[in-house]
Amino acid sequence: QPPGMYHELEYALEQKFGLKEAIVIDVNQPETREAIQHQIGLAAGDYFLRIIKPGDVVGLAWGRTMYEFVSSIHRLQCENVHIVQLLGGLGPPESNVHSSAICSRLAYSLGCSYTLLPSPGVAGSLESKGAFLSDSYVSNALDLIKKVNLAFVSVGNAAEDCLAMLLNIITPEDRLYLINNGAVGDIDLRYYDISGNPVHSNFDQRVIGADLEQFKKYDRVVGLAGGDEKYEAVLGVLNGKYINVLITNYRLARKLVGK
């Protein structure tokens, strides 16, 4: 089937999980992780251009699929849009998957204003988190995070080769604790179980950025995820109703609707 022809499958996803929209894409073989991320990123770019409107406050997460998404958008004028970083910085600041790089890149492409969250995504301790929160630039960004109406997030899983582990953002001890407490996936390092319940941990308390409850308040949260290894993570995020738009690949979509 040509791209954009999975209407029945999209409708089945929308009905089963109460989504505003589901977008199912084909990935040209072979279905490598990179190919899936690239194609989902392109589809997210198309979707963004279709729905963006003046006055939108757009929250962005981090990660490889998010990088593919913002890279797919080329110069256009959307001055009346504001971009907000939903999570403090993760990994090396010079990395293109860093959330500040993703926000500034999209804002540059749109010719619009943006607000960065100038703190680490995960504080070293609760004390240092308190110090960051007392910074006026950080508190200003966290206030603006509440005003977001359109958010784009990539759905992460809790695998040993996930980006958060590879960049040492999550220690093996933290990961073990989260998994032992049922964590199957995350959006913006906020972990949840297969039913969508938040998994609380001392790691979670050190994260600086939007939390799961916040995502439920946003008008539109677009989740980007594909690949068989993301099945539990996507099922959990859908069960928790943290996203209401899903962009995924055909194979994972079929699995989610039980085909």
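See the structure shown above.
As a starting point, this report considers the structure included with it. All figures in this text were calculated on a predicted structure; none of them were measured in a lab.

Counting residues in hydrophobic clusters, the biggest one holds 43 residues, and the most contacted among them are L13, L86, F215, Y218, L238 and L256. Of all the elements in the fold, those that place two or more residues in this core are α1 (7–17), β1 (21–25), α6 (136–145), β5 (150–157), α10 (212–217), α11 (231–239) and α12 (250–256). Looking at this core element by element, the count peaks at 5 residues for α11. Beyond its immediate sequence surroundings of up to four residues, L256 is in contact with L13, K16, F17, Y231, V234, L235, L238 and L246. I36, I52, V58 and C112 belong to the second-largest nonpolar core, a separate cluster that totals 33 residues.

Okay, the pattern of salt bridges next. Side-chain pairs of opposite charge can arise where the charged atoms are in close proximity. Enumeration according to the criterion identifies 8 salt bridges in this entry. R206 is the partner of D174 in a salt bridge, and the nearest nitrogen-oxygen pair spans 3.8 Å. Of this pair, D174 sits in helix α8 (residues 172–180) while R206 sits in helix α9 (residues 202–206), and the two are 32 residues apart along the sequence. The class for D174 is buried, based on a relative accessible area of 12%. On the basis of relative accessibility, which here comes to 17%, the residue R206 falls in the buried class. Its salt-bridge partner being D204, residue R190 comes within 3.1 Å of it at the nearest N-O pair. Within this pair, whereas R190 is found in strand β7 (residues 190–192), its partner D204 is found in helix α9, the two being separated by 14 residues in sequence. Residue classification places R190 among the buried residues on the basis of a relative accessible area of 7%.

Moving on to the environment of V58. Secondary-structure assignment places V58 in strand β2 (residues 57–60). In this structure V58 comes out as buried when scored by relative accessible area, which is 0%. For the pair V58 and M165, spaced 107 residues apart in sequence, the C-alpha separation works out to 27 Å.

Let us now look at the packing of helix α3 (residues 64–71) against helix α4 (residues 99–110). Where α3 meets α4, the axes come as close as 9 Å, and the angle between the chain directions of the two elements is 15 degrees. Accordingly, the angle class assigned to the pair α3 and α4 is roughly parallel. For the pair α3 and α4, the sense of crossing is left-handed. Residue-level contacts link M66, Y67, V70 and S71 of α3 to I102, R105 and L106 of α4.

What follows is about α6. For α6, the full list of buried residues reads V138, A141, L144 and I145. Considered in projection along α6, the buried side chains sweep an arc of 125 degrees and stay on one side of the axis. Against the buried residues of α6 lie β3 (82–85), β4 (113–115), α5 (126–133) and α10. Capping of α6 at its N-terminal end is provided by D135; its side-chain oxygen lies 2.8 Å from the backbone amide nitrogen of Y137.

Criteria and cut-off values
Residues numbered from 1 in each chain as written. Predicted model: local features only at pLDDT ≥ 70, side-chain atom pairs only at ≥ 80, totals over all residues. Heavy atoms only, no water. Core = buried A, V, L, I, M, F, W, Y, C linked by side-chain atoms within 4.5 Å. Buried < 20%, exposed > 50% of the residue type's maximum accessible area, 1.4 Å probe, protein only. Helix = DSSP H or I, 4+ residues; strand = E, 2+ residues; numbered from the N terminus. Contact = heavy atoms within 4.5 Å. Salt bridge = Lys/Arg side-chain N within 4 Å of Asp/Glu carboxyl O. Axes fitted to C-alpha atoms, helices over the stretch in contact; angles between N-to-C directions. Parallel < 35°, antiparallel > 145°, perpendicular 65-115°, else oblique. Left-handed = near helix turned anticlockwise from the far one by under 90°. Arc of directions from axis to C-beta. Polar contact = N/O pair within 3.5 Å; in protein donor to acceptor, adjacent residues only side chain to side chain.

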